[in-house]
Amino acid sequence: MSTTVDRADGANSPDSSAPAPAPRATGKGVPLAYAGSGLMTASALMSWCYDPDVLGDLTLYGNPAPVQLTMLVLGLLGLVLAMSAKGPLRRLGAGLDTSRGAFRLGLGAVAYMALTLAAITAQAGGLVNADPGAWVALVGSLVLVVAGRLGVSRPSRNIGAMRAKGWVEILVLVALVAIALLLVADGLTLRDPWAFVLLLLGVGAAAAGLAGANAFTWLGVTASYHSRVLTLAAFVAAFAFPLTQNGSDANMSIATQVIIFSATALGLNIVVGLAGLLDLGYIAFLGAGAYVGAILSGSAFATIDWQPPFLVTVIIGALFSALLGLIIGSPTLRVSGDYLAIVTLAFGEIFRLAMFNLDGNNGPKITNGPNGIPAIPELNFFGFDFGVTHHLFGIPITRFSNYYLLLLCVIALIIVIFSNLNNSRIGRGWVAIREDEKAADAMGVNVFGLKLLAFAGGAFLAGLAGTIKAHHDVSVTPDQYQFLESAFLLAAVVLGGMGTVGGVLLGAVVLKLLPEKLRFFSEYRLLIFGLLLVLMMRFRPEGLVASKRRKLEFHEDDEHLADKVQTIHLEEKTS
Amino acid sequence: MSTAVAHDTGAPDAPSGRDVLLEARGVVMRFGGLTAVDDVDLTVREGEIVGLIGPNGAGKTTFFNCLTGLYKPTEGEVRLSGTVLPPKPGRVVRAGMSRTFQNIRLFANMTALENVMVGRYCRTKAGAFDSILRTPRFRREEAQTRERAQELLDYVGLGRSTELLARNMPYGDQRRLEIARALATDPKVLLLDEPTAGMNPQETADAERLIFKIRDSGLAVVVIEHDMRFIFNLCDRVLCLVRGKTLIEGTPGEVQSDPRVIEAYIGTGDGTEPDDPDDIDAKIEAQVEAREAREGGRG
């Protein structure tokens, strides 16, 4: 990163008046930071435990197990922070708040070691089983916390305005995507819940440290410069994921569910994130698509004896869903806010109950009531059977991998639709309505038409995903489409960041993946997600990934703009 | 023109010969038992600046809302270039009449450029499919929209604030941005509701220059304003509303010297001042809110 060049001094950095090229090392904590991260790094090469059965084998010297590798990475990160405060990486340090970074990284590492020691205590029967290595790691982490508290260095420059050479930036992004893929592939193979939670905690500690040091600000700006490269890399990684699974279906089944959930959340993101319409019954549109897919699938239990080609079914399902959206939307979109939420909530329940009762006794026999439509045959595209394992270069592509790859194409389509709509006249109209409906109306924005378009468009995409979900799930029953699912979709959108693609994908992955992987905590998942949402609203209301509009506040790539913002802030202060 | 005052003959540059653009006849707006606007006529010709004055609560903004379709007038009709305007804001804008708001209503979390681009919405056509498929038509239109929006920002003097979020802009700039947004709809008539409220003298002078520039480009402008010096400098004709009724209409000179206007503003001194204006405002507000609640949140 020695190639960083400076474009403009940021208006937000604390002392932009004195643009010193080097970080302002407050110094006192620097030696401690070196010592702490050095200890952490070294500890990874020591034995942590007498018992070889705990958390993989932690007993060996010089041969770190995965749990210790995580600590190694954290230690190296700490070293990087220390070196950018005072050492070979000083130029990098000009933009980094290494004090805060070291403090948070240290705290994360302390939590990591606390849990590791807890695991050793619980599994090996007592804290006495912990070897010196574990204690060294804990002490190192604590030292790093102290170092951060004492102060390592403060940024002298706005990191968002620091740019490296194009290829360096791209390389960093691609490397990060690759690391993410490896982490996911690796993390999913962990069967031991302790190890899985530890991995999460480790990733969290690293993220906390980097975020504390403002590195994510740089990452956000850089990612927006190279958004195409990043998207491409993410998709290549996603397509490569089945190849890492070596024929195992366990993780692929979770992955397909995550993707279906993400695709639906992206559809909801149009309605909630762009047009600002609160829809609490969105799952019904996914259900409508799934029922159409099931009824037209040729299943022995289907009530209509017509099996069109699957592409036709997809279109029918999506259009049927959109039609439902229009029917429910045209009378209700005249109300807004709370009223709309209540109406859509009721609609979701009406859908579920209708599917429950169209069983031949209470109404026409269409859905088989609570039994649903089972035995939906596998998809078959031009002789490509989705139900059997295929081989690509000798690597087995299993049933779930087939669906995964198809769904990946669908989600790519949805992302294209979403972002193209967002960056257009239509998207601007939506945002205008969300900002001030009356003003939008007075400026000639077709408020009602655009709301209806958002509603129907979102329903269309959900219906599209639903038709595939029917085949993937093999059976469709009413109880899959409860209110709780709508609430989770909404939570994914809000948690991830309304109006963004990356954020919502991240939110969907977090909300769907964690409960699947952490079965033992599934009883508490509502409790934990509730808590999580409350905390998010308190500390980061814009979601995990802030939308472009939020980012604009921090993004000053021209000096005039920065000056202007600064004078405005000054004016605000004086007035 | 039911008022007896001959308003067109006085001023030398009163453009009486030009075409009538905006014509409101007998506009009445009642909220329950309260008549906020009572039989008001207004005629605006091409290239004219008309001022609308009156004490607080006289019904000026309500009259604007009737003109632009935000309210459906109880009685009367509004014509633009001879065609009757339906009381739908979107249709009014498309017909060629655009407005700004008394309390600035920008899209706060959009940039200045985006705000103006939203103003182009009613003059562009690209639909959902064009947008998704990025058709040549979409690209062309999008480029034109962007270019026109930038032009308008330059025109009102905000050419360098393009990428600022509207809510981060200084107050005076926000007012100008609102004018740019209104101009983006290609109006024939521009309605400005207190364009200089809260401005310092320098900004007021700038606003005056801007409004003259807009007039010179061929638009008709109607201005609500409390700053009398500003309004008498600016306008070709002034209409004074008091308690919803037209008190007098005429040249700035005539209106300025009319004792009734002075009386309406400062009272006669014998205790027969107009009702507490704030009270009337509050009443209207309450009525409108009640009605909106009944109609389910849409005004």
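The structure presented is a predicted model; accordingly, all values stated were derived computationally and were not measured. (Residues numbered from 1 in each chain as written. Chains lettered and ligands numbered in written order. Predicted model: local features only at pLDDT ≥ 70, side-chain atom pairs only at ≥ 80, totals over all residues. Heavy atoms only, no water.)

Draft legend 1. Here's a closer look at the overall build of chain B. Summing up its helical and strand segments, chain B has 11 helices and 10 strands in all. Of the contacts formed within chain B by residues at least 6 apart in sequence, a portion of 69% connects residues at least 24 apart. Total accessible area computed for chain B in this model is approximately 12,700 Å², and 48% of it derives from carbon and sulfur atoms. (Helix = DSSP H or I, 4+ residues; strand = E, 2+ residues; numbered from the N terminus. Contact = heavy atoms within 4.5 Å. Areas by Shrake-Rupley, 256 points an atom, 1.4 Å probe, with all protein chains shown as cover.)

Draft legend 2. How the structure looks around the side chain of Glu169 of chain A. Residue and element names in this part refer to chain A. Structurally, Glu169 can be placed in helix H6 (residues 166-189). By relative accessible area, which is 2% here, Glu169 ends up buried. Here His226 takes part through its side chain, which lies 2.7 Å from a polar atom of the side chain of Glu169. Those residues within four positions of Glu169 in sequence are excluded, and the remaining contacts are Arg163, Ala164, Trp218, Thr222 and His226. (Buried < 20%, exposed > 50% of the residue type's maximum accessible area, 1.4 Å probe, protein only. Polar contact = N/O pair within 3.5 Å; in protein donor to acceptor, adjacent residues only side chain to side chain.)

Draft legend 3. Layout of the confidence of the model for chain A. Residues and elements named next belong to chain A. Taken residue by residue, chain A gives an average pLDDT of 83. The fraction at 70 or more is 90%. Across chain A, helix H11 (residues 283-295) holds the top mean pLDDT of 95, while strand E1 (residues 5-6) sits lowest at 39. Low pLDDT (under 50) marks residues 1-21, which in the prediction has 48 contacts with non-local residues, meaning those over four places away or in another chain. Every residue in residues 553-560 scores below 50 in pLDDT, and together they form 14 contacts with partners more than four places removed in sequence or on other chains. (pLDDT = per-residue confidence, 0-100.)

Draft legend 4. Focus on the interface of chain B and chain A. Contacts between chain B and chain A engage 49 residues on the former and 39 residues on the latter. Seen at the junction of chain B and chain A, the total is two salt bridges. For Glu142 of chain B, the salt bridge goes to Arg428 of chain A, with nearest N and O atoms at 2.9 Å. At the surface where chain B touches chain A, the tally comes to 11 residue pairs in polar contact (both at pLDDT 80 or more). Looking at the side of chain B that touches chain A residue by residue, the class counts come to 20 nonpolar, 14 polar and 15 charged. (Salt bridge = Lys/Arg side-chain N within 4 Å of Asp/Glu carboxyl O. Nonpolar A, V, L, I, M, F, W, Y, C, P; charged D, E, K, R; others polar.)

Draft legend 5. Region of interest: the sheet that holds strand E1 (residues 20-31) of chain B. All names here are of chain B. One open sheet holds the four strands; their spatial order is E2-E1-E4-E5, and the pairing between them is antiparallel. With one partner strand each, in any of the chains shown, strand E2 (34-45) and strand E5 (83-84) form the two edges of the open sheet. Bridge count for E1 against strand E4 (residues 75-80) is five bridges, and the pairing is antiparallel. Its bridge partner lying in E4, Ala24 is registered against Val78. Relative to E1, helix H1 (residues 60-68) is tilted by about 115°, and along the sheet it contacts E1, E2 and E4. (Pairing = 2+ DSSP bridges. Axes fitted to C-alpha atoms, helices over the stretch in contact; angles between N-to-C directions.)

Draft legend 6. Expanded view of empty space enclosed by the protein. Residues and elements named next belong to chain A. Following the criterion strictly, the structure yields seven cavities of 30 Å³ or more and no others. In this structure, the second largest cavity spans a volume of roughly 50 Å³. Phe261, Glu485, Phe488, Leu511, Lys512 and Arg525 together form the lining of the second largest cavity. Counting residues per element, the ones that place at least two in the lining of the second largest cavity are helix H18 (483-496) and helix H19 (501-517). (1 Å grid on protein atoms, 1.4 Å probe; cavity = no way out; pocket = protein on both sides within 12 Å on 5 of 7 lines; lining within 4 Å. Points joined across faces, edges and corners; volume = space filled by probe spheres on them.)

Draft legend 7. Representation of unusual backbone geometry. Residue and element names in this part refer to chain B. With phi around 50°, Arg134 is a residue other than glycine that occupies positive phi space. Assignment of secondary structure puts Arg134 in the loop between helix H4 (128-133) and helix H5 (136-156). With a relative accessible area of 21%, Arg134 lands in the partly exposed category. Positive phi is not limited to glycine here, since Glu194 has a value of about 50°. Note that Glu194 resides in the loop between strand E7 (189-193) and helix H7 (201-216).

Draft legend 8. Quick peek at the sheet that holds strand E9 (residues 237-242) of chain B. All names here are of chain B. Pairing in this open sheet of six strands is mixed, and the strands run E6-E7-E8-E3-E9-E10 from one edge to the other. What marks the edges here is a single partner per strand, and that holds for strand E6 (97-99) and strand E10 (245-250). Taken pair by pair, the neighbouring strands of this sheet meet at an average axis angle of 20°, ignoring direction. One ladder, built from three bridges, connects E6 with E7; its direction is parallel. Opposite Ser98, over in E7, you have Leu190 as the bridge partner. Contacting strand E3 (49-53), E6, E7, strand E8 (220-224) and E9, H1 runs over the sheet at an angle of about 150° to E7.

Draft legend 9. Structural detail: the nonpolar core. Residues and elements named next belong to chain A. The biggest cluster of nonpolar side chains holds 113 residues, and the ones touching the most others in it are Phe241, Phe285, Tyr404, Trp430, Val476 and Leu511. Looking at this core, the element that brings in the most residues is helix H10 (residues 250-274), giving 15 residues. Domain assignment of the residues forming this core places at least three in each of domain 1 (29-237) and domain 2 (256-521). In this structure Trp430 touches Ile270, Leu274, Ala275, Leu421, Leu450, Lys451, Leu453 and Ala454, once residues within four positions along its chain are discounted. (Core = buried A, V, L, I, M, F, W, Y, C linked by side-chain atoms within 4.5 Å. Domains from an automatic or database assignment.)

Draft legend 10. Quick peek at H11 of chain A. An ideal rise of 1.5 Å per residue puts 18 Å on 13 residues; H11 of chain A measures up with 18 Å between its terminal C-alpha atoms. For H11 of chain A, a buried count of 13 out of 13 residues is recorded, marking the element as mostly surrounded by other parts of the structure. (Expected span 1.5 Å × (residues − 1).)

Draft legend 11. Up close: the packing of helix H3 (residues 112-119) of chain B against H5 of chain B. Residue and element names in this part refer to chain B. Between H3 and H5, the least distance of the axes is 9 Å, while the angle of their chain directions is 115°. One way to sum up the angle between H3 and H5 is to call them roughly perpendicular. Where H3 crosses over H5, the two elements pack in a sense that is right-handed. Two secondary-structure elements touch here, H3 through Ala112, Leu113, Val116 and Met117 and H5 through Glu142, Thr145, Arg146, Ala149, Gln150, Leu152 and Leu153. Residues that form the contact of H3 with H5 fall into these classes: seven nonpolar, two polar and two charged. (Parallel < 35°, antiparallel > 145°, perpendicular 65-115°, else oblique. Left-handed = near helix turned anticlockwise from the far one by under 90°.)

Draft legend 12. Highlighting a nonpolar patch on the surface. All names here are of chain A. On the surface, Leu176, Ile179, Leu183 and Val203 cluster together into a nonpolar patch covering about 290 Å² of accessible area. Among the elements that take part in the nonpolar patch, H6 stands out by supplying three residues, more than any other. Summarising the element assignment, Leu176 is placed in helix H6. Classification of Leu176 as partly exposed rests on a relative accessible area of 36%. (Patch = residues over 30% accessible without salt bridge, like charges linked within 9 Å, V, L, I, M, F, W, Y side chains within 5 Å.)

Draft legend 13. Highlighting the packing of aromatic side chains. Applying the stated rule across the entire model yields 10 aromatic pairs over all chains. Relative to Phe455 of chain A, the ring of Phe285 of chain A has its centre 6.2 Å away and its plane inclined at 85°; by these criteria the two rings are edge-to-face. Of this pair, Phe285 of chain A sits in helix H11 while Phe455 of chain A sits in helix H17 (residues 447-473), and the two are 170 residues apart along the sequence. With relative accessibility at 1%, the residue Phe285 of chain A sits in the buried group. With a centroid separation of 6.4 Å and an interplanar angle of 70°, the aromatic rings of Tyr291 of chain A and Phe351 of chain A are classed as edge-to-face. Here Tyr291 of chain A, found in helix H11, pairs with Phe351 of chain A, found in helix H13 (residues 338-357); they are 60 residues apart in sequence, far enough to count as distant. Take Tyr291 of chain A and Phe351 of chain A: they sit in the same class, and that class is buried. A cation over a ring is seen here: Arg181 of chain B above Phe107 of chain B, with NZ or CZ 4.7 Å from the ring centre. (Phe/Tyr/Trp six-rings, centres within 6.5 Å; stacked < 30°, edge-to-face > 60°. Lys NZ or Arg CZ within 6 Å of the ring centre and 35° of its normal.)

Draft legend 14. Quick peek at the pairing of E2 of chain B. Residue and element names in this part refer to chain B. Among the 12 residues in E2, nine count as buried, and that is most of the element. Sheet analysis places E1 next to E2, joined by eight bridges and oriented antiparallel. For Phe31, the partnering residue across the bridge sits in E2 and is Leu34.

Draft legend 15. Representation of the pattern of salt bridges. All names here are of chain B. Applying the stated criterion across every chain yields a total of 25 salt bridges over all chains. Across the salt bridge formed by Glu249 and Arg237, the nearest N and O atoms sit 2.4 Å from each other. With Glu249 in strand E10 and Arg237 in strand E9, this pair connects stretches of sequence that are 12 residues apart. A residue is classified by how much of its surface remains accessible, and Glu249, at 2% relative accessible area, is buried.

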